[in-house]
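So the chains spell out like this:
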Amino acid sequence: MKHKLLQSIAALVGVAALGLSGCAIDHSGQDAGKPTIRLAYQSFPSGDLIVKNNRWLEDALPGYNIKWTKFDSGADVNTAFLARQIDFGAIGSSPVARGLAAPLNIPYQVAFVLDVAGENEALVARTGTGVKSIADLRGKRVATAFASTSHYSLLAALGRAGLSASDVQLIDLQPQASLAAWQRGDIDAVYTWLPTLDQLRASGKTLITSKELAAAGKPTLDLGVVSKQFAQGHPDVVDAWRQVQARALRTIKDSPEQAAEAVAAQIGTSPVEAAAQLRQGSFLTTEQLATPEWLGTETVPGNVAANLHSAAEFLANQQQIPSVPPLSVYRDALYVKGLPNVLG
């Protein structure tokens, strides 16, 4: 099993060397006379989409081109970092825990907590399959995006029900591909995130949410990460990026209608649906970000490091990574320079 794992990770690195695939790139407003900041985003409802839609980073950094690239999962974002194709990325805590571990050892740092997974990620069984509980998944075809927070949560959910990954037919599918397979009747259950999750719920039963798993000690986060080399060379850009992300969190809290309109424009849904999706997530305040429970400060590293280390321990037990790095690796991977004052 470990040999196969190493082979699969080596294949990932090989794909990275070939460049990006399975992503959509926004080249609008590119000026050949300016340096370019490259950002990876995903379509889950978050402040990152508000920043993109409102062009706040473009306004804050007029001396740069801002290039946004859409990715389907954290595994794809990791691949892009390995290929040195991006500077910032929106990515789940499980793929970050994996990315910071050997053999990937991706040189990036966590600079922001975009959201804490709640009811916006869940395991759903298709109507007509006879699945009424997680235990009923034995022998069933269950899809998730491998190396994502949903994959991590699925394994944790199976374990709570006394099942292992080998007790189900586990299938690696990105959210939209899982929806198509669901509609064809090719799969029985899916663990995924919004907005695809809401489409699955229309003809399925929710078995467990990431909010429930968090309460049981298996929380997952959506994080904003930055290349270590980029952060060292451009700390002013990282500050500007964190400031607009903090502005987005305040918008979600204080102006939910404006937040919903921006998210709706990015994911192609109505403001009403976007508002409902945002309510399913859990968003920190800017004051919470720099507390010991989350990112912390330069003198007191936050609990996000312990969260990532715990995720790595779980992944190693599941033979998803070969070994667990020391906690110091995850503490060193927190970019907390200037917190909390830099958030404004």
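Residues numbered from 1 in each chain as written. Predicted model: local features only at pLDDT ≥ 70, side-chain atom pairs only at ≥ 80, totals over all residues. Heavy atoms only, no water.

Just give me the short version of the overall build of the protein, but keep the residues and values in it.
In terms of regular secondary structure, the protein is built from 16 helices and 11 strands. Expected size for 344 residues packed as a compact globule is a radius of gyration near 20 Å; at 19 Å, the protein falls within 12% of this value. Overall, the C-alpha framework of the protein stretches about 55 × 45 × 40 Å when taken along its three principal axes. The 344 residues of the protein split such that 53% are buried. In the protein, of all internal contacts separated by at least 6 residues, the share reaching a separation of at least 24 is 77%. (Helix = DSSP H or I, 4+ residues; strand = E, 2+ residues; numbered from the N terminus. Rg over C-alpha atoms; globule rule 2.2 N^0.38 Å. Buried < 20%, exposed > 50% of the residue type's maximum accessible area, 1.4 Å probe, protein only. Contact = heavy atoms within 4.5 Å.)

Could you give me a rundown of the sheet that holds strand β7 (residues 141-144), with the residues and numbers involved?
Across the sheet, which stays open at both edges, the five strands sit in the order β8-β7-β9-β6-β10 with mixed pairing between neighbours. Single-partner strands in this sheet number two, and they are β8 (169-172) and β10 (204-209). Strand-to-strand, the axes of this sheet are offset by a mean angle of 25°, without reference to chain direction. Sheet analysis places strand β6 (residues 121-126) next to strand β9 (residues 189-193), joined by five bridges and oriented antiparallel. Paired with valine 124 across the bridge in β9 is valine 190. In this fold helix α6 (residues 149-160) packs onto β6, β7, β8, β9 and β10, with an angle of close to 135° to the strand it touches most, β9. The strands touched by helix α7 (residues 175-184) are β6, β7, β9 and β10; relative to β9, the strand with the most contacts, the crossing angle is about 150°. (Pairing = 2+ DSSP bridges. Axes fitted to C-alpha atoms, helices over the stretch in contact; angles between N-to-C directions.)

Give me the lowdown on unusual backbone geometry, citing residues and values where you can.
Cis peptide bonds are those with omega within 30 degrees of zero, and the linkage from alanine 102 to proline 103 qualifies with 5°. Position of proline 103 among the secondary structure elements: in the loop between α5 (93-99) and β5 (108-116). Proline 340 follows leucine 339 through a cis peptide bond whose omega is 0°. With respect to the element layout, proline 340 can be found in the segment after α16 (327-332). Its identity is not glycine, yet arginine 55 carries a phi of approximately 55°, on the positive side. Secondary-structure assignment places arginine 55 in the loop between α2 (47-54) and α3 (56-60). In this structure, arginine 84 takes a positive phi of about 55° despite not being glycine. Looking at the element boundaries, arginine 84 is found in the loop between α4 (74-82) and β4 (88-92).

Run through the pairing of β4, naming residues and quoting values.
Counting buried residues in β4 gives five out of five residues, a clear majority hidden from the surface. Of the pairings in the sheet, the one linking strand β2 (residues 36-41) to β4 comprises two bridges and is parallel in character. Among the inter-strand pairings, alanine 40 is bridged to a residue of β4, identified as glycine 89. As judged from the five bridges shared by β4 and strand β11 (residues 221-227), these two strands associate in the antiparallel manner.

Hey, could you go over the packing of aromatic side chains for me, with residue numbers and the actual values?
Evaluated as defined, the whole model comprises six aromatic pairs. Ring centres 6.0 Å apart and planes at 80° place the aromatic pair tyrosine 41 and tryptophan 68 in the edge-to-face group. On the criterion of sequence distance, the pair formed by tyrosine 41 in strand β2 and tryptophan 68 in strand β3 (residues 65-70) is long-range, its members being 27 residues apart. An angle of 70° between the planes, with centres 5.4 Å apart, marks the rings of phenylalanine 88 and phenylalanine 230 as edge-to-face. Of this pair, phenylalanine 88 sits in strand β4 while phenylalanine 230 sits in helix α10 (residues 228-233); the two residues are 142 residues apart in sequence, bridging distant segments of the chain. Both residues of the pair, phenylalanine 88 and phenylalanine 230, count as buried. Of the aromatic side chains, those joined through ring pairs into one cluster are Phe88, Phe112, Phe230 and Trp241. In this structure, arginine 247 is placed above the aromatic ring of tryptophan 56, and the distance from its NZ or CZ to the ring centre is 3.9 Å. (Phe/Tyr/Trp six-rings, centres within 6.5 Å; stacked < 30°, edge-to-face > 60°. Lys NZ or Arg CZ within 6 Å of the ring centre and 35° of its normal.)

Tell me what's going on with the confidence of the model for the protein, and back it up with residues and numbers.
Put simply, the protein has an average pLDDT of 92, and 92% of its residues get 70 or more. Predicted confidence is poor over residues 1-19, with pLDDT under 50, and the contacts of this stretch with residues over four places away or in other chains come to 21 contacts. (pLDDT = per-residue confidence, 0-100.)

Quick rundown of the environment of serine 93? Include the residues and the values.
Residue placement: serine 93 occurs in helix α5. In this structure serine 93 comes out as buried when scored by relative accessible area, which is 2%. Expressed as a C-alpha distance, the spacing of serine 93 and proline 235, which sit 142 residues apart in the sequence, is 23 Å. Those residues in contact with serine 93 that sit more than four places away from it in its chain are Thr149, Thr220, Leu221, Leu223, Asn307 and Leu308.

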